[in-house]
Every structure is written in C-alpha cells, then in structure tokens.
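Architecture at a glance
Spelled out from the first residue to the last, the chains are:
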Amino acid sequence: MLFAHDTECALVAAAALVNTAGPDREGLPDVAALDRFFTAYGWSGRHEHTDAELRQVRALRPRLRRIWDADTDEVVEIVNALLRESRALPQLIRHDDEPYHLHAVPRDAPLATRMAVEAAMALADLVRMNELSRLRHCDHPDCDDVLVDLSKNRSRRFCDGGCGNRAAVSAYRARRAASHS
Ligand SMILES: [Zn+2]
Ligand SMILES: [Zn+2]
C-alpha cells in the first residue's frame, strides 16, 4: 500500500466523482444516481436524497477536476480553501467495522462537504509525499476521464471505463491492417 487506506479510498472516490461529469454525459442525472454512487463508494453518514444535496455534490466536481490539471501551489490553494470553508477539524474516529481513521467534519455534515473534505485530506497526503504526479488523465485519445495511479511502478495508463480494452483492440487492428497491406 502506498498511502493510508482511507487516503487511497478517498482519492479513488474523488476521481470517480469527477468522472461523473463527462463532456457529453451526466453521470449523476438524479437523486437515484447519487444514491448508487453513495453506496458504490462506501459512503455513510448523512444522506438526504434531495435535489439540493445532488446540486451541491455536482457543484463540487469542477473544483475537484481542476486539481488534476493544477500545479502544486494551485492544488495547495484549492485544498486549503476546501478545508477552510468546511471548517475541517481532524478527529480520529471508529465506526461501523472500520478501524480508526480520520474524519475532519462531523458525520452529520452535508454530503458534499464531507466529500470535499475527504478529498482535500487525501490530497494533502499526496502533496506532503510529493506524489501529485499520480493524478493523471486517461491515455485513450477519446477519453476525458481522470484517474489515480496507485500502482507500485506508476504504470497505470487508462481509466476504469474500459479504455484499456479499447486501446488494446485498436492496437491489434492497426497491427493487422499493417500486416495485410
Ligand atoms: Zn469513516
Ligand atoms: Zn478512459
């Protein structure tokens, strides 16, 4: 493991949240979609199932996406702003079946606030370890998704959306076309 377990989970969840806002698709079109996202990424605590909550979560996405393109100083600015606005106060807590981990806002804080703070805390780890280069874009030319490379040898190139397979198929077709020409 490269980082603490909660850091890795938070980074993966932040990338997934960013990727719900595609250039020509909306991955969180309604409250039900947010419910599915909530469950899929192991969120717990306050969850209102309201349009207001959905709007707040969607509004967080462009701010987080910015981090994937920003230099270190700008990442720090964004992270500090997210922590400040949310009045983050780190506390070690234990709940459900999880071991002690950090929460920086109470569990009854709004979902978008908790998402912002969890991402910010994890990003603070990346900055301190000088590992922001692990925040990358999918290598597939038709894909705009972001990813977090948690592999030991920094070898991850494609997002989770099937781009690795698509790229392998294209490469195969190109080789075949070349050998038949
Ligand atoms: Zn927790
Ligand atoms: Zn992709």
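First things first, this report covers the structure right here in the doc. Since this is a predicted model, take the numbers as computed values, not measurements.

**Side note on the overall build of the protein chain**
Within the protein chain one finds six helices and four strands. For the protein chain, the succession of helices and strands along the chain, N to C, is α-α-α-α-β-β-α-β-β-α. Counting only C-alpha atoms and orienting by the principal axes, one finds that the protein chain spans roughly 65 × 35 × 35 Å. Among the 181 residues that make up the protein chain, the fraction classed as buried is 40%. A sequence separation of at least 24 residues applies to 51% of the contacts in the protein chain between residues at least 6 apart. Here the protein chain has roughly 10,600 Å² of accessible surface; of this, 51% comes from carbon and sulfur atoms. Across the protein chain, the 25 positively charged side chains and the 28 negatively charged ones have centroids separated by 4 Å.

**Observations concerning the coordination of the zinc ion (ligand 2)**
Protein-derived ligands of the zinc ion (ligand 2) are C138 (SG), C143 (SG), C159 (SG) and C163 (SG), with the metal-ligand distances lying across 2.3 Å. One can describe the site at the zinc ion (ligand 2) as tetrahedral: its four donor atoms subtend angles covering 106 to 115 degrees at the metal. Spacing between the donor residues of the zinc ion (ligand 2) along the chain follows C-x4-C-x15-C-x3-C. For the pair C138 and C143, one class covers both residues: buried.

**Details of empty space enclosed by the protein**
Scanning the model with the defined rule gives one cavity of 30 Å³ or more in all. In this structure, the largest cavity spans a volume of roughly 60 Å³. Lining of the largest cavity is provided by A10, A13, A14, L17, F37, W43, L64, M115, E118 and A119. Looking at the lining of the largest cavity, the elements with two or more residues in it are α1 (5-19) and α5 (111-128). Take the lining of the largest cavity: its biggest share by element is four residues, from α1. Residues that form the lining of the largest cavity fall into these classes: nine nonpolar, no polar and one charged.

**Some thoughts on the nonpolar core**
With 43 residues, the main nonpolar core has L64 and W68 as its most contacted residues. For this core, the secondary structure elements donating two or more residues are α1, α2 (31-40), α3 (51-69), α4 (72-85), α5 and β4 (146-148). If you tally residues by element for this core, the top one is α5, at 10 residues.

**Overview of a nonpolar patch on the surface**
Side chains of L92, Y100 and L102 sit close together on the surface and give an oily, nonpolar patch of about 340 Å² of accessible area. Relative to the assigned elements, L102 resides in strand β2 (residues 101-103). Residue class for L102 comes out partly exposed when judged on its relative accessible area of 39%.

**Quick look at the side chain of R134**
Here R134 lies in the loop between α5 and β3 (135-137). Contact partners of R134, with chain neighbours within four places excluded, come to L2, F3, L147, V148, D149, L150, S151, K152 and R154.

Cut-offs applied
Residues numbered from 1 in each chain as written. Chains lettered and ligands numbered in written order. Predicted model: local features only at pLDDT ≥ 70, side-chain atom pairs only at ≥ 80, totals over all residues. Heavy atoms only, no water. Helix = DSSP H or I, 4+ residues; strand = E, 2+ residues; numbered from the N terminus. Buried < 20%, exposed > 50% of the residue type's maximum accessible area, 1.4 Å probe, protein only. Contact = heavy atoms within 4.5 Å. Areas by Shrake-Rupley, 256 points an atom, 1.4 Å probe, with all protein chains shown as cover. Lys, Arg positive; Asp, Glu negative; His and termini not counted. Charge placed at Lys NZ, Arg CZ, Asp CG, Glu CD. Donors = N, O, S within 2.8 Å, 3.2 Å for Na, K, Ca; no water. Tetrahedral: all angles 85-135°; square planar, octahedral: opposite > 155°, others 65-115°. 1 Å grid on protein atoms, 1.4 Å probe; cavity = no way out; pocket = protein on both sides within 12 Å on 5 of 7 lines; lining within 4 Å. Points joined across faces, edges and corners; volume = space filled by probe spheres on them. Nonpolar A, V, L, I, M, F, W, Y, C, P; charged D, E, K, R; others polar. Core = buried A, V, L, I, M, F, W, Y, C linked by side-chain atoms within 4.5 Å. Patch = residues over 30% accessible without salt bridge, like charges linked within 9 Å, V, L, I, M, F, W, Y side chains within 5 Å. Salt bridge = Lys/Arg side-chain N within 4 Å of Asp/Glu carboxyl O.

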